[in-house]
Amino acid sequence: MPKYKSFLNFAREFVKSPRHTGAICPSSVSLARQMAAMVPPGTGKVIELGPGNGPMTRALLQQGIAIQDLILVERTQSFAKHLTQRFPGVEIIHGDACALGSLLGPLVKDEPIRAIVSSLPFRSMPRDVVQQISQEIIAVSQPGTRFIQFTYHLHDSRPPFPGPFSSSEWHIVWQNLPPARVGAFDWKP
Ligand SMILES: C[S@@+](CC[C@H](N)C(=O)[O-])C[C@H]1O[C@@H](n2cnc3c(N)ncnc32)[C@H](O)[C@@H]1O
């Protein structure tokens, strides 16, 4: 899909569902690279939540995350369809992160989850949805899992939900519309 069409599709989804799309345009290459750079090296699955048109996915693959380690979970059908065409070979689940555990099911088996890279717009989503997703994230994670999330609230150092994850590092990315803060939260063993 040409870039302008991908932007138009994103803006259309924003108009249809602003609280779940959470942004009017896709994230920049700089923001995507920063998110990907915070994935710890090693083994284990990397789960991307809310990949949209795929800027983070591209950066994760460029960062060297093996294709077989990457699993995407996207709720919006047009994005999931676009991702399937753009990233052949990557496991793409068209589904809601509210059911993360059952969606991942046999795909993760006993393998640890190295990182969860999330673009979910927690601040604009309904509170009960945030609560459900956070419970699912905690349930599929284990000590050692890193949770990576960006926010447009540049001064907010808190994890987006209460639980075992605590802040380990953060960076401000100015080259994004609007500028964003990327946080890495570790479940320390
Ligand atoms: C702010 S956009 C980010 C898109 C892309 N990662 C980027 O950075 O440009 C949020 C994405 O989360 C997806 N999303 C929202 N709620 C979701 C849910 N409950 N489960 C899975 N994906 C969801 C939206 O469809 C959208 O693609």
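Residues numbered from 1 in each chain as written. Predicted model: local features only at pLDDT ≥ 70, side-chain atom pairs only at ≥ 80, totals over all residues. Heavy atoms only, no water.

Draft legend 1. Region of the structure containing a positive patch on the surface. Where like charges cluster on the molecular surface, the positive patch consists of Lys3, Arg33, Arg58 and Arg86. Turning to its location among the elements, Arg86 is positioned in helix 5 (residues 77-86). (Patch = residues over 30% accessible without salt bridge, like charges linked within 9 Å, V, L, I, M, F, W, Y side chains within 5 Å. Areas by Shrake-Rupley, 256 points an atom, 1.4 Å probe, with all protein chains shown as cover. Salt bridge = Lys/Arg side-chain N within 4 Å of Asp/Glu carboxyl O. Lys, Arg positive; Asp, Glu negative; His and termini not counted. Charge placed at Lys NZ, Arg CZ, Asp CG, Glu CD. Helix = DSSP H or I, 4+ residues; strand = E, 2+ residues; numbered from the N terminus.)

Draft legend 2. A look at the site of the ligand. Around the ligand, the surrounding shell holds 24 residues, and the nearest of these are Thr21, Ser27, Glu74, Thr76 and Asp96. A distance of 2.5 Å separates an oxygen atom of the ligand from a polar atom in the side chain of Ser27. Backbone polar atom of Gly52 to an oxygen atom of the ligand: 3.4 Å apart, as the coordinates give it. Looking at the shell around the ligand, the elements that each hand over two or more residues are helix 2 (18-21), helix 4 (55-63) and strand 2 (70-74). Partitioned by chemical class, the residues of the shell around the ligand number 13 nonpolar, eight polar and three charged. (Near = heavy atom within 4 Å. Polar contact = N/O pair within 3.5 Å; in protein donor to acceptor, adjacent residues only side chain to side chain. Nonpolar A, V, L, I, M, F, W, Y, C, P; charged D, E, K, R; others polar.)

Draft legend 3. Representation of the packing of aromatic side chains in the model. Per the stated rule, a full pass over the model turns up eight aromatic pairs. Ring geometry for Phe10 against Phe79: centres 5.4 Å apart, planes inclined by 35°, an arrangement best described as tilted. With a gap of 69 residues between them, Phe10 in helix 1 (residues 3-16) and Phe79 in helix 5 connect regions that are remote in the sequence. Here Phe10 falls in the buried class, since its relative accessible area comes to 8%. Owing to a relative accessible area of 3%, Phe79 belongs among the buried residues under this scheme. On the basis of an interplanar angle of 45° and a centroid distance of 5.8 Å, the ring pair of Phe147 and Phe165 is categorised as tilted. Here Phe165 lies in the loop between strand 5 (146-151) and strand 6 (166-173) and Phe147 lies in strand 5, a separation of 18 residues in the sequence. Like Phe165, Phe147 is buried. Members of the aromatic cluster, joined through ring pairs, are Phe122, Phe147, Phe161, Phe165 and Trp187. (Phe/Tyr/Trp six-rings, centres within 6.5 Å; stacked < 30°, edge-to-face > 60°. Buried < 20%, exposed > 50% of the residue type's maximum accessible area, 1.4 Å probe, protein only.)

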